[in-house]
Amino acid sequence: MARHRVIVYPPTKAGGRRVRVEACILGTAYSLHDLSVFLCRAGIKGLAEVDATAEDPIDDARELIGWRGGGPGVWEA
């Protein structure tokens, strides 16, 4: 199993998903747009929102991001 650099945790009861890059928690994302902003701020550039959900993702998004408790379409518990 590959070690993902980015972990998107399961949705919380209040909504949104905690995002971690390596050992740093970036915050809670409520959408793919939020996730894209967090990744850009963390220095991970060139990853568009659509890349995280593509069947054949650009920039190895599926290898970069580990989704816990649901994929990129799940943002509410």
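Structure's up top.
Just so it is clear, the structure is predicted and the values come from calculations on it, not from any experiment.

Caption draft 1: Spatial organisation of the nonpolar core. With 13 residues, the main nonpolar core has Val6, Val19, Ala29, Leu35, Leu39, Ile44 and Ile65 as its most contacted residues. Elements with a minimum of two residues in this core: strand E1 (6-11), strand E2 (17-21) and helix H1 (32-41). The element contributing the most residues to this core is H1, with 4 residues.

Caption draft 2: Summary view of the packing of aromatic side chains. Overall, the coordinates contain 1 aromatic pair when judged by the stated rule. With a centroid separation of 6.1 Å and 85° between ring planes, the pair formed by Trp67 and Trp75 is classed as edge-to-face. Just above the ring of Trp75 sits the side chain of Arg17; from NZ or CZ to the centre is 5.6 Å. The ring of Tyr9 carries the charged tip of Arg18 above its face, separated from the ring centre by 4.2 Å.

Caption draft 3: Summary view of the sheet that holds strand E4 (residues 65-67). Strand order across the open sheet formed by 4 strands is E3-E2-E1-E4, with mixed pairing between neighbours. Two strands bound the open sheet, and with one partner strand each, they are strand E3 (24-29) and E4. Ignoring strand direction, the axes of neighbouring strands in this sheet form an average angle of 20°. Alignment of E1 against E2, held across 4 bridges, turns out to be antiparallel. Across the sheet, the residue bridging to Pro11 is Arg17, located in E2.

Here is what the cut-offs are and how they apply
Counting restarts for each chain: residues are numbered from 1 in the order of the written sequence. Since the coordinates come from a predicted model, pLDDT governs what is reported: local features require at least 70, and pairs of side-chain atoms require 80 or more to be given and counted, while whole-chain, interface and lining totals use all residues. To obtain the side-chain values, all non-hydrogen atoms of the structure were included, while hydrogens and water were left out. To form a nonpolar core, buried Ala, Val, Leu, Ile, Met, Phe, Trp, Tyr and Cys residues must be joined to one another through side-chain atoms within 4.5 Å. With a 1.4 Å probe rolled over the protein chains alone, any residue whose accessible area is under 20% of its type maximum counts as buried; one over 50% counts as exposed, and the rest are partly exposed. Think of it this way: any DSSP run of H or I at least four residues long counts as a helix, any run of E at least two long counts as a strand, and we number them from the N terminus. Only Phe, Tyr and Trp rings are paired, with Trp represented by its six-membered ring, and only when their centres lie within 6.5 Å; those with planes under 30 degrees apart are stacked, over 60 edge-to-face, the remainder tilted. Here, a charge over a ring is recorded when the distance from Lys NZ or Arg CZ to the ring centre is within 6 Å and its angle to the ring normal is within 35 degrees. One requirement defines pairing of two strands: DSSP has to find at least two bridges between them. Between N-to-C directions, angles cover 0 to 180 degrees, with each direction set by a line fitted to C-alpha atoms, over the stretch in contact for helices.

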